[in-house]
Amino acid sequence: KATEGGDHNDTTFEVNFANARNHGFIRGAYHFYIPGTDALKQADFFIRTVKLDTGDLPPVLDVEVTGRKEKQELQQGLKRWLDRVESHYGVKPILYTYWIAHYYVDSVKYQGKWNFWQHTDVGNVPGIKEDVDLNVFNGTLEDLKKLTIK
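Counting restarts for each chain, with residues numbered from 1 along the sequence as it is written. Reporting in this predicted model follows two pLDDT cut-offs: at least 70 for local features of residues, and 80 or more for side-chain atom pairs to be given and counted; totals over whole chains, interfaces and linings ignore these cut-offs and use all residues. The basis for every side-chain value is the complete set of heavy atoms in the structure, and neither hydrogens nor water enter the calculation.

**Q** For this particular structure, what's the right way to read the pairing of strand β4 (residues 60–63)?
**A** Regular strands have side chains that alternate between both faces of the sheet. Here the term buried applies to any residue with accessible area under 20% of the maximum for its type, exposed to any over 50%, and partly exposed to those in between, with areas from a 1.4 Å probe on protein chains only. Going along the chain from the N terminus, every DSSP run of H or I of four or more residues is numbered as a helix, and every run of E of two or more is numbered as a strand. Both faces of β4 are covered, namely the face carrying Val-60 and Asp-62 and the face carrying Leu-61 and Val-63. Whether two strands pair depends on DSSP finding at least two bridges between them. Summarising the sheet, strand β3 (residues 30–32) and β4 pair through three bridges and their orientation is parallel. Within β4, the residue paired with His-31 across the bridge is Leu-61. Taking the sense of rotation as the criterion, the β-α-β connection linking β3, helix α2 (residues 39–49) and β4 turns out right-handed. Taken together, β4, helix α3 (residues 71–89) and strand β5 (residues 94–97) constitute a β-α-β crossover, and its handedness is right-handed. Seen with its strands pointing away from the viewer, a crossover is right-handed if its path from the first strand over the helix to the second goes clockwise.

Structure representation (structure tokens):
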């Protein structure tokens, strides 16, 4: 996670993001959306915080709370964030939502099209002290590379 809302950033993001590149990983960054905060303020905060390069995944918008917003109002805010970020980076962002999350099982049971499946939020990765989310990509390494920024 890089940013959340309009002013909260993950204090470990910069180091983790740089180290991921230094160790040859395909890396990505996400923004945790807060419906009660202006969408463009959130998008601009993410843009100021995250410098994406060739070979990085597109920016990700993490939508997990509705903030008691009506469906249309929530959708309008999300669209404003997505449009601003796409315009800045020149690539369509990835949308993540927990609404179809499938944790702690051996295989995904979702029948629609999907690219990434976050299967746990308590994973371990050498070199990182805290629990981390672990994801599976639905494709080959070449397919994954096709998603990265050119």
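**Q** Whenever I open this one, the sheet that holds β3 confuses me. Can you help?
**A** Strand pairing in a sheet takes place through backbone hydrogen bonds and is either antiparallel or parallel in direction. Ordered by their spatial adjacency, five strands build an open sheet running β2-β1-β3-β4-β5, and the pairing between neighbours is mixed. The open sheet is flanked by β2 (8–9) and β5, the only strands paired with a single partner. Both β4 and β5 contribute to a ladder of four bridges, which runs parallel. Across the sheet, Asp-62 pairs through a bridge with Tyr-96, a residue of β5.

**Q** Sorry, what's going on with the environment of Ile-47 here?
**A** Position of Ile-47 among the secondary structure elements: in helix α2. If we ignore the near neighbours within four places in the chain, the residues touching Ile-47 are Arg-84, Val-85, His-88 and Tyr-89. Here, two residues are considered to be in contact whenever any of their heavy atoms come within 4.5 Å of each other.

**Q** Even after reading the chapter, I still don't get α3, so can you show me in this structure?
**A** Since the α-helix turns once every 3.6 residues, residues separated by three or four places project in the same direction. Expected helix span is given by 1.5 Å per residue-to-residue step, counting one fewer step than there are residues. Over its 19 residues, α3 runs 27 Å from end to end, which matches the ideal 27 Å to within 8%, given 1.5 Å per residue. Looking only at α3, the buried set comprises Leu-74, Gly-77, Leu-78, Trp-81, Leu-82, Val-85 and Tyr-89. Angular distribution of buried residues about the axis of α3 spans 130°; they occupy a single face of the element. In α3, the exposed positions that point more than 90 degrees away from the buried face belong to Gln-72 and Ser-87. Of the surrounding secondary structure, the elements contacted by the buried residues of α3 are β3, α2 and β4. It is the directions from the helix axis to the C-beta atoms whose arc is reported.

**Q** It is not clear to me how the packing of α2 against α3 should be interpreted in this structure. Could you clarify?
**A** Angular values range over 0 to 180 degrees, each being the angle between N-to-C directions of two axes fitted as lines to C-alpha atoms, with helices fitted over their stretch in contact. Where α2 contacts α3, the axes come no closer than 8 Å and their chain directions differ by 30°. Here α2 is positioned roughly parallel relative to α3, judged by the angle of their axes. When the axes of α2 and α3 are compared, the crossing they make is right-handed. Packed against α2, whose contacting residues are Ala-39, Leu-40, Gln-42, Ala-43, Asp-44, Phe-46 and Ile-47, the element α3 presents Gly-77, Arg-80, Trp-81, Arg-84, Val-85, His-88 and Tyr-89 at the interface. Working rule for angles: under 35 degrees goes down as roughly parallel, over 145 as roughly antiparallel, 65 to 115 as roughly perpendicular, anything else as oblique. By definition, any crossing whose near helix is turned counterclockwise from its far helix by less than a right angle is left-handed, and any crossing with a clockwise turn is right-handed.

**Q** Even after reading the chapter, I still don't get the nonpolar core, so can you show me in this structure?
**A** Considering soluble globular proteins, one finds that nonpolar side chains tend to be buried as a cluster. Judged by nonpolar contacts, the single largest core of 21 residues is most densely connected at Ala-29, Tyr-33, Phe-46, Val-50, Leu-61, Trp-81 and Tyr-89. Secondary structure elements with two or more residues in this core: α1 (13–22), α2, β4 and α3. The leading source of residues in this core is α3, at six residues. With near-sequence residues (within four places) excluded, Leu-61 lies in contact with His-31, Tyr-33, Leu-78, Trp-81, Leu-82, Ile-94, Leu-95 and Tyr-96. Grouping buried Ala, Val, Leu, Ile, Met, Phe, Trp, Tyr and Cys residues that are joined through side-chain atoms within 4.5 Å yields what is termed a nonpolar core.

**Q** Explanation requested: the packing of aromatic side chains in the structure shown.
**A** The relation between two aromatic rings is expressed through the spacing of the ring centres and the mutual angle of the planes. Two rings belonging to Phe, Tyr or Trp (six-membered ring only in the last case) form a pair when the distance between their centres is within 6.5 Å. Interplanar angles under 30 degrees mark stacking, angles over 60 mark edge-to-face geometry, and anything in between is tilted. With the rule as written, the count across this model stands at five aromatic pairs. Each ring, one from Phe-46 and one from Tyr-89, has its centre 6.1 Å from the other, and the planes form 75°; the classification is edge-to-face. Remark: Tyr-89 occurs in helix α3 and Phe-46 occurs in helix α2; sequence separation between them is 43 residues. A single burial state applies to Phe-46 and to Tyr-89, both of which are buried. Here, over-ring charges are defined by two tests on the NZ atom of lysine or the CZ atom of arginine: distance to the ring centre within 6 Å, and angle to the ring normal within 35 degrees. One cation-aromatic arrangement involves Lys-1 over Phe-32; the distance from NZ or CZ to the ring centre is 5.8 Å. Positioned above the aromatic ring of Phe-17, the side-chain terminus of Arg-27 is 3.7 Å from the ring centre.

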